[in-house]
Amino acid sequence: MKTLLRPAASLFVALTVVTGIVYPLVVTGIAKVGFPEAANGSLIVKDGKPVGSRLIGQNFSDPKYFWGRPSATSPQPYNASASSGSNQGPLNPALTEAVKGRIEALKAADPENTGTIPTDLVTASASGLDPHISPAAADYQIERVAKARQIDPTKVKAMVEKNTEGRQWGVFGEPRVNVLELNITLDSFR
């Protein structure tokens, strides 16, 4: 029995050191050198203080701000430690009720808007943390935000266009607008 325990214990210690210490340090070092912003959380700093991350959405509900996609995390929205989708299918009554509630909230915030509500304003992303909305979702909200801030809608539209990111590497995904960065741009407008 002793001849079996010594090699097993040695292998356990060696694998623990390699996979638990050496490998994480090497991967973290490579990330910090090759992708320093992402490795440090892609933080957005305003007036010397971090206000959020480019990678995690925030809960905006004030009419003077653009609203992001709904979050599927609980107990609080955009909780990165609880990242997950709702796993509710299109025939699930709970999803139908949640979408109806979100549509009502959007209409209550902007009753004059008769446009079609973009899907991403009423459905959560797979992670529940998506920081982006589609340009259509941003366009849908321009009049409400302009009215709440008493700004010319064309200026708000220009801010949306300035904060619209193209496809990744010109090929992957769809154009998108980072909601936190757009709202920071709005707050900076005088």
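Residues numbered from 1 in each chain as written. Predicted model: local features only at pLDDT ≥ 70, side-chain atom pairs only at ≥ 80, totals over all residues. Heavy atoms only, no water.

Peer 1: Sorry, what's going on with the pairing of strand S1 (residues 43-46) here?
Peer 2: Each regular strand displays side chains that alternate between the two surfaces of the sheet. By the bridge criterion, four bridges tie S1 to strand S2 (residues 49-53) in an arrangement that is antiparallel. Along S2, the bridge assignment pairs Val-45 with Pro-50. Hairpin geometry of S1 and S2 is characterised by an intervening segment of two residues between the two adjacent antiparallel strands and by a positive phi of about 55° at Asp-47. (Pairing = 2+ DSSP bridges. Helix = DSSP H or I, 4+ residues; strand = E, 2+ residues; numbered from the N terminus.)

Peer 1: Please explain the packing of aromatic side chains as it appears in this structure.
Peer 2: Two measures describe an aromatic ring pair: the distance that separates the ring centres and the angle between the ring planes. This structure, assessed with the given rule, holds two aromatic pairs. Aromatic side chains Phe-60 and Tyr-65 sit 5.3 Å apart centroid to centroid with 40° between the ring planes, which places their arrangement in the tilted category. There is no split in this pair, since Phe-60 and Tyr-65 are both buried. Across the ring face of Trp-67, the terminal group of Arg-144 is positioned such that the distance to the ring centre comes to 4.2 Å. The cationic tip of Arg-149 hangs over the ring face of Tyr-65; the distance from NZ or CZ to the ring centre is 4.9 Å. (Phe/Tyr/Trp six-rings, centres within 6.5 Å; stacked < 30°, edge-to-face > 60°. Buried < 20%, exposed > 50% of the residue type's maximum accessible area, 1.4 Å probe, protein only. Lys NZ or Arg CZ within 6 Å of the ring centre and 35° of its normal.)

Peer 1: Looking at this structure, how should I read helix H1 (residues 2-34)?
Peer 2: Because each turn of an α-helix spans 3.6 residues, side chains separated by three or four positions end up pointing in the same direction. Here H1 is 33 residues long and its end C-alpha atoms lie 46 Å apart, about the 48 Å a rise of 1.5 Å per residue gives. The largest bend along H1 measures about 30° and falls at Val-22, with the proline Pro-24 one to four residues further on. (Expected span 1.5 Å × (residues − 1). Bend = angle between axes of the 7 residues up to and from the residue.)

Peer 1: Whenever I open this one, the side chain of Asn-163 confuses me. Can you help?
Peer 2: Here Asn-163 shows up in the loop between helix H5 (153-162) and strand S4 (164-165). Classification of Asn-163 as buried rests on a relative accessible area of 11%. What Asn-163 contacts, discounting residues up to four positions off in sequence, is Arg-176, Val-177, Asn-178, Glu-181, Leu-182 and Thr-185. (Contact = heavy atoms within 4.5 Å.)

Peer 1: I keep staring at the nonpolar core and nothing clicks. Help me out?
Peer 2: When a protein is soluble and globular, its nonpolar side chains tend to lie buried together. Among the nonpolar cores identified, the biggest contains 28 residues, and Phe-66, Leu-121, Ile-133, Val-156 and Val-160 are the most heavily contacted of them. Elements with a minimum of two residues in this core: helix H3 (93-109), helix H4 (135-149), H5 and helix H6 (179-188). Contacts of Ile-133, omitting those with residues within four sequence positions, involve Trp-67, Gly-68, Arg-69, Asp-120, Leu-121, Ala-138, Gln-141, Arg-176, Val-177 and Val-179. (Core = buried A, V, L, I, M, F, W, Y, C linked by side-chain atoms within 4.5 Å.)

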